[in-house]
Amino acid sequence: MKKPTGHVTFLFTDIEGSTKLAQDFSEALPFSLERHNTIIREAAELNNGFIFKIIGDSFCCAFGNADEAVRAATDAQLKLNSEKWKEAVIKVRMGIHTGKSEWNGSDYMGYVTLARTQRIMSAAYGGQILISENVYEMFSEKTPDSITFRDLGNRRLKDLIQPVNLYQILSSEIPADFPPLKTLDARPNNLPVQLTNFIGRETDISEIKKTLTNSRLITLLGPGGTGKTRLSMQIAADMIDEYSNGVFIAEIAQVSDPSLIIQTVMNSLGVNEVKGQSQDLTLSEFLKEKEMIIIMDNCEHLIKECAELAEKLLLKCRKLKIIATSREALNCSGERTYRVPPLSLPDPNLKNSPEKLTQYEAVRLFIERALVINQEFRVTNENAPALANICYQLDGIPLAIELAAARINVLSLDGINDRLKDRFKLLTGGKRTALPRQQTLRALIDWSYDLLSEKEKMLWQRLTIFSGGWTFEASEKVCSDEILEEYEILDLLGNLIDKSIVKVTETDNAFRYTMLETIKKYGNEKLTESGKKDELQEKYFNYFFELAKDSETGLTGNEQKEWINKMALENENIRECLNWSLKYNPESSLKMSVALGKFWELRSHFTEALESLRKRIDISESAELIWKAKAIYWTGFFYIHQGKYAESKKYLNQCLVIFNKTNNKEGEALTMISLATIGLFETDYDSLFSYSEKSLNLSKEINNRSYIARNKQNTALGLMQQGKYEDARSMFQESITVYRELNDHAQLAKIIGNIGALEYLLSNFDKARSAFEESLQIRLELGDRQGIAIALCNLGSVAYMIKDFEESERRLEESLEITEEIGDKRISVTTLGTLGSIAVDREDYSKAVKLHRRSVEIANEIGDKYSMAKGIEGFAMILVALKKYKVGCLMAAKYISLLESSNKNMIEGEYIRIEEIKITLKSNLSDAEFHQYWSEGEAMSIEKVLEFASSMLEE
C-alpha cells in the first residue's frame, strides 16, 4: 500500500499491564494476544492505515488523514471491549497525533512527531483513546454522530516540552470514565517547560531507572554539556507516577556560598523557614514521610557540601530519593554513579546515507535543532558526510551539537564542518537565557578547568599530546618532569577521571585512557600557551620510538599476539610521532619507519607504509647506510603486496647490493626471500628456486630458523604450482614444525592456508575448507586483514566448487571489501574472477561480464597471466552459452594460450573444460572458421579482449 508521508497522523497502541498478564495468565495470554493483534490489524487496514512497526504488543500505525486514524482507534476499542476474553483480559491504551514526518523506505523520520504520539498514548489508561488538539481540529467537522470528544484541557506530557490540549474520544459501548491522566500535572513538581524535545537516551534512561529501584541516591557523571541535567529531568518526569509527593529540581550551579545550598533546595520545594528552627531540621521535617525525587543539579563546585546534605536527608527521610548531577561523584554513603555517555555517533569513515544517519542520536539532535532555525534544512547524500563528521568531531556532546546546529542560519553543513578546527570561536551564541557557561563551548569547559588544582590543570594540558588514547605507563614517562614528578601522576590522573576530564576503559585486564576531542583541544590550547609543548613533543616521540624498536622483536616472538594488539592500540600515537619527526628529526623518523615495518606487514597497512617509507628515504640523505638499506627493503617488500613487481625488484635489488657490501647476511637472506616470492607470483620458477636456495644457505649460516622455514615454504609453493604435490607437502610439513616451535602465529596461519590450497588442488574440498577455516581463525585473532581476505577468498572458492553459491558469494564479497581497503590487487583479482564464475553459472551474464572485465583489467595491470586467463575463460563461457561461437572461439583461444604460458600446473578439471569448449566450438564452426578464429584469438591483445568485453556489455 501507499505509505502516508509529509503530514501524517499516527496512532500508537499498547496493552496495559502486559507484564502482569504474562505472569498471571501464562497459558491463556497467547490466545488473547493473537486475538488482540488481529483486531488492531483489521481496524487499521480497513481504515487505510499502514502498520509500520510492531514492538512487542505495541502497534505503530500511520494514516493519511485524522478521521481515518480516529475511526480505526474507535473501531478497535469497540471490538476489544465487546470481545469475550477468557482469563487474560486485554485493555489497550491509544494515542493519536498529527505532524510532519517522511517515510524513508524503512521507517518514519520526524522524531518530534513520533515521540509526542508515544507520550500521548502513555498518558492514557487501558481502554482510553487520547488525541492531540491538532487531530481534534482536523477531525471535528466530519465527526460521525457515534463519536464525541471530551476536552481534558491543557496537559503537560512527560516529554517536558510545551503543554498540549488533549481530548478523549467517546463512543457508545466503550468506557468513558478513567482516573486522572498520567501527565506531569497529576503530581506536584517544578520541572521547567523545555522548548525543545528530548532526543534518544533510551538505554541510559532504562539503566538509571533500574538503579533507582534499588538505590536512593544516584549521581549522573560526565563533562559539561553531555546533557546530565536534561536526562535527570526526563527520568524524574517518567517516574513521577511512582512518587505521590512529586519530583523537584534544585539548581546548585549559581550558588557560590556553601551555606546557601539548603536554602536553594527549600526554595525549590516551596518550603518556608520556621522561626527558631534550623534550616536543616525544617527541611528534613518537611521531607520526613514524603515520597519524592529531588534533583540536585550541578554539584561539582560545592561537592563536599552537597554530599553532606544528601547524606543527611537520606538518613532522615526514608522515602526520599535523590538524583545528583556532577562532574565528579559525591562519594557519600549509599551513592551509585552512572557515567552519562555521549550521544550515539556515526563513523565518518563509512558511507552514510541520510537514512542511516538518522539512526544516531547525535544526528537526530542536530537535525531537530537545525529545523527550529531553518525549516527548509534537509540532509542529502551530498551533505551527509559533513553532518556525520560534525557530530563525530563534537564527540556527541549535546550542547556542542546544539551550538553547531545554531550556525545553520548562516553556514552550510560543509561550512560548519570546515570551521570545526577553531570550534571555540565557532560554537558561541547559545540561548541568552541559559547559564553563562552554557552560552559558548569555551565557557562550558572554562567552568571545569577553573575548578582544578594547578597540577591537575598541568596534567590535563600534557595528556593532550597523546592521540587515540594512552596507557598509565605512557602518561608517567611522557608527562612527568621536575615540576610534575612521576609518582604524582597516579593520583592526578585519578582526579581527572573522577572529574570527568579523562575517560578510562578496561580491555584484557589493562586500562586505557582517552579524552573527548573537545576537551583535548581545549587542553592543547592551554599547553601551547604554557610554552612546554615542544619539549613535551620530543619526550612523546622518544617514548613511542622506543616502543616501535621493541616491537621488532616482540612481533616475531612468543608474545606476537600481545604485541600486535599493543601496537594496534597505539597506532594513532605512532602516526602523530611519525608526522612530527618527519619535520623535526628526519633520521629518527626513518629509523622509526623501519622499526614499524613488521607491524605494518602484519596489520596490512601497505599503502600507509609505502607513503611513510618513500618520504623518509628521500629526505634522510645523511642517515646511516644500514638504516637506509632497511627502509629500501621494506619499500620493495610492500610493493609486492600491491602487485607492483617491477617496482619492488628495483628496490630489493638496490638494498641487496648495500647488504652485500656491508656484509649484512641477515639483510641479504631476507631480501632474497622477497625476490623469491616475486618469482613465485610471476611463475618465474628459475628465479624462485635460485633465490630460495641462496637465501636458505645464508639462513643456515646465520642460524635463522624462521628464514629457513620461509625459504622452504616458498620452494614448496613453487613445487605445488608445478603439480609436484607430494614434494610440496613434505616441505610444508618441515616449515610448519618450525613455525609451531617458534610460536610464530602469522607464518603459521599462512602455511596452514598453503596446505589448504594443496588439498584444494587435489579436490579434497573438506580438508581444504578445514585448513582455510583454521587459518582464518588465527588471522582474525591477529587482526591480519590481508590474511583474513585470503582465507575468505579461499573459503569462497571451496564453496563455489561444491556449488554452494550463496556461501561462496558471502565469503568472496567479504574478502573483496577488505582487499579494496588495503589495496592488495593480487587477492581481489581471484575474488572477482570467482564471483564472475558464479554469475555465469546463474546465467546472469551482464553481471558476469562486468566482474570478469574488472578481474582481467587488474590481472593485466599486475602481470598475472593465470588470472587473466581465468577471466577471459569467463568471457568464452558466456559467448558459447549465448551461441556466439565465432567471438567465443577468439576468447577461448586467448584464454587457453595464456593459461598454457602462465607456467602454472593445470588441474584435471581445467583440462576437461578446455576439451569441452573445443568440442562445442568445433561442432558449431567449420574447420576453416575454427582455425581462423583460433589463430586470431591467440594473437589478440588484452586491450582487444577488453574492447570485446565492453561490446558484450552494450549488447
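See the structure shown above.
### A look at the overall build of the protein chain
When you go through the protein chain residue by residue, the secondary structure sums to 44 helices and 15 strands. Along the first, second and third principal axes, the C-alpha atoms of the protein chain reach 105 × 80 × 55 Å. Residues classed as buried in the protein chain amount to 55% of the 955 residues present. Contacts in the protein chain between residues far apart in sequence, at least 24 positions, make up 69% of those at least 6 positions apart. For the protein chain, the computed accessible surface area is about 41900 Å², with 48% contributed by carbon and sulfur atoms. The positive charge centre, built from 119 side chains, and the negative charge centre, built from 140, are 2 Å apart in the protein chain.

### Things to note about the packing of aromatic side chains
Applying the stated criterion to the full structure yields 36 aromatic pairs. Aromatic pair tyrosine 449 and tyrosine 522: ring centres 5.5 Å apart, planes at 65°, arrangement edge-to-face. Highlighted residues: tyrosine 449 in helix α17 (residues 441-450) and tyrosine 522 in helix α21 (residues 517-530), separated in sequence by 73 residues. Exposure class is identical for tyrosine 449 and tyrosine 522. Each is buried.

### Quick look at empty space enclosed by the protein
Overall, the coordinates contain five cavities of 30 Å³ or more when judged by the stated rule. Contributing to the lining of the largest cavity are Pro223, Gly224, Ile397, Leu441, Leu444, Ile445, Ser448, Ile501, Thr518 and Ile519. Secondary structure elements with two or more residues in the lining of the largest cavity: α17 and α21. Among the elements that make up the lining of the largest cavity, the one with the highest residue count is α17 (four residues). Here the residues of the lining of the largest cavity sort into seven nonpolar, three polar and no charged. Approximately 60 Å³ is the volume found for the second largest cavity. In terms of lining residues, the second largest cavity is bounded by Arg462, Val478, Cys479, Ser480, Asp481, Lys532, Glu535, Leu536 and Lys539. At the level of elements, α19 (472-479) and α22 (533-554) are the ones that each hand at least two residues to the lining of the second largest cavity. Residue classes in the lining of the second largest cavity are distributed as three nonpolar, one polar and five charged.

### Concerning the sheet that holds strand β12 (residues 320-326)
Strands in a sheet are paired, the pairing made by backbone hydrogen bonds, and the direction either parallel or antiparallel. Taken in spatial order, the five strands make up an open sheet running β10-β11-β12-β9-β13, and their pairing is parallel. Each end of this open sheet is capped by a strand with a single partner; those strands are β10 (247-251) and β13 (335-339). For this sheet, the mean inter-axis angle between neighbouring strands, taken without regard to orientation, is 20°. Relative to β13, strand β9 (residues 217-221) runs parallel, the two being bridged by five bridges. Considered in β13, the bridge of leucine 221 is made with arginine 339. Where helix α7 (residues 228-238) meets the sheet, its contacts fall on β9, β10, β11 (292-297) and β12, and the angle it forms with β12 comes to roughly 160°.

### Looking at unusual backbone geometry
Most peptide bonds take the trans form, and the phi angle of most residues other than glycine is negative. Positive phi outside glycine occurs at asparagine 331, with the angle close to 60°. What makes asparagine 331 exposed here is its relative accessible area of 66%. The backbone of serine 500 sits at a positive phi, close to 65°, despite the residue not being glycine. Mapping serine 500 onto the fold places it in the loop between α20 (489-498) and β14 (503-507). Assessed through its relative accessible area of 5%, serine 500 is described here as buried.

### Looking at the state of the cysteines
All told, the structure shown has zero disulfides when counted by the stated rule. Looking at cysteine 577, it has no disulfide partner, and the nearest cysteine sulfur is the one in cysteine 479, 13 Å off.

### Some points on helix α13 (residues 384-393)
Of all the positions in α13, only Ala384, Ala386, Leu387, Ala388, Ile390 and Cys391 are classed as buried. In this structure, the buried residues of α13 make contact with α11 (354-357), α12 (361-373), α14 (398-405) and α15 (413-418). Looking at the residues trailing α13, positive phi occurs at aspartate 395, about 65°.

### Some points on the packing of helix α28 (residues 625-640) against helix α29 (residues 645-661)
At a closest axis distance of 8 Å, the pairing of α28 and α29 adopts a crossing angle of 155°. When the axis of α28 is compared with that of α29, the two are roughly antiparallel. Here the hand of the crossing between α28 and α29 comes out left-handed. For the pair formed by α28 and α29, the contact residues are Leu625, Ile626, Ala629, Lys630, Ile632, Tyr633, Thr635, Gly636, Phe637, Tyr639 and Ile640 on the first element and Tyr645, Glu647, Ser648, Tyr651, Leu652, Gln654, Cys655, Ile658 and Phe659 on the second. A class-by-class count of the residues in the contact of α28 with α29 yields 14 nonpolar, four polar and two charged.

### Some remarks on the pairing of strand β3 (residues 58-63)
Along β3, six of the six residues are buried, which leaves the element largely enclosed by surrounding structure. Going residue by residue along β3, you find Ser58, Cys60 and Ala62 tucked away on one face and Phe59, Cys61 and Phe63 tucked away on the opposite face as well. As paired strands, strand β1 (residues 6-15) and β3 are joined by five bridges and run antiparallel to one another. Along β3, the bridge assignment pairs phenylalanine 12 with cysteine 60. Judged from the five bridges that link them, strand β2 (residues 50-55) and β3 form a sheet pairing that is antiparallel. Its bridge partner lying in β3, lysine 53 is registered against cysteine 60. Between the antiparallel neighbours β2 and β3 lie two residues, among them glycine 56 with a positive phi of about 65°.

### What about the side chain of asparagine 664?
On the secondary structure map, asparagine 664 appears in the loop between α29 and α30 (665-681). Side-chain polar atoms of asparagine 664 contact the backbone nitrogen of glycine 667, separated by 2.7 Å. For asparagine 664, the residues in contact, after removing those within four places along its chain, are Ile626 and Phe659.

### Observations concerning the nonpolar core
The biggest cluster of nonpolar side chains holds 206 residues, and the ones touching the most others in it are Phe366, Trp460, Leu463, Phe466, Val502 and Met592. With near-sequence residues (within four places) excluded, phenylalanine 366 lies in contact with Phe377, Leu387, Ile390, Cys391, Ile401, Ala404, Ala405, Ile408, Leu413 and Ile416. Ranked by size, the runner-up nonpolar core spans 34 residues in total, among them Phe59, Phe63, Ala73 and Ile169.

### What about the environment of tyrosine 845?
Tracing the chain through its elements places tyrosine 845 in helix α39 (residues 845-862). Note: C-alpha distance between tyrosine 845 and arginine 327 (518 residues apart in sequence) is 62 Å. Beyond its immediate sequence surroundings of up to four residues, tyrosine 845 is in contact with Val840, Ile878, Ala881 and Leu882.

### Observations concerning helix α40 (residues 865-881)
The end-to-end C-alpha distance of α40, which contains 17 residues, comes to 24 Å, matching closely the 24 Å that a straight helix rising 1.5 Å per residue would cover. Counting buried positions over the 17 residues of α40 gives 12, a clear majority of the element. For α40, every residue scored as buried is listed here: Ser867, Met868, Ala869, Gly871, Ile872, Glu873, Gly874, Phe875, Ala876, Ile878, Leu879 and Val880. Directly beyond the C-terminal end of α40, a positive phi value near 65° is found at lysine 883.

### Notes on the environment of isoleucine 919
As for its placement among the helices and strands, isoleucine 919 is situated in helix α42 (residues 908-924). We classify isoleucine 919 as exposed; its relative accessible area is 58%. Through-space distance from the C-alpha of isoleucine 919 to that of leucine 596 is 55 Å; in sequence the pair is 323 residues apart.

### Concerning the packing of helix α37 (residues 805-822) against helix α38 (residues 825-841)
For any two helices packed against each other, one specifies the inter-axial angle together with the distance between the axes. Closest axis-to-axis distance for the α37/α38 pair is 9 Å, and the angle between their directions is 150°. Taken together, the axis directions place α37 and α38 in an arrangement best described as roughly antiparallel. In the crossing of α37 with α38, the sense of the turn from one axis to the other is left-handed. The residues of α38 that touch α37, namely those facing Phe805, Ser808, Glu809, Leu812, Glu813, Ser815, Leu816 and Thr819, are Ile827, Ser828, Thr831, Leu832, Thr834, Leu835, Ile838 and Asp841.

Reading guide: rules and limits
Residues numbered from 1 in each chain as written. Predicted model: local features only at pLDDT ≥ 70, side-chain atom pairs only at ≥ 80, totals over all residues. Heavy atoms only, no water. Helix = DSSP H or I, 4+ residues; strand = E, 2+ residues; numbered from the N terminus. Buried < 20%, exposed > 50% of the residue type's maximum accessible area, 1.4 Å probe, protein only. Contact = heavy atoms within 4.5 Å. Areas by Shrake-Rupley, 256 points an atom, 1.4 Å probe, with all protein chains shown as cover. Lys, Arg positive; Asp, Glu negative; His and termini not counted. Charge placed at Lys NZ, Arg CZ, Asp CG, Glu CD. Phe/Tyr/Trp six-rings, centres within 6.5 Å; stacked < 30°, edge-to-face > 60°. 1 Å grid on protein atoms, 1.4 Å probe; cavity = no way out; pocket = protein on both sides within 12 Å on 5 of 7 lines; lining within 4 Å. Points joined across faces, edges and corners; volume = space filled by probe spheres on them. Nonpolar A, V, L, I, M, F, W, Y, C, P; charged D, E, K, R; others polar. Pairing = 2+ DSSP bridges. Axes fitted to C-alpha atoms, helices over the stretch in contact; angles between N-to-C directions. Disulfide = S-S within 2.5 Å. Parallel < 35°, antiparallel > 145°, perpendicular 65-115°, else oblique. Left-handed = near helix turned anticlockwise from the far one by under 90°. Polar contact = N/O pair within 3.5 Å; in protein donor to acceptor, adjacent residues only side chain to side chain. Core = buried A, V, L, I, M, F, W, Y, C linked by side-chain atoms within 4.5 Å. Expected span 1.5 Å × (residues − 1).

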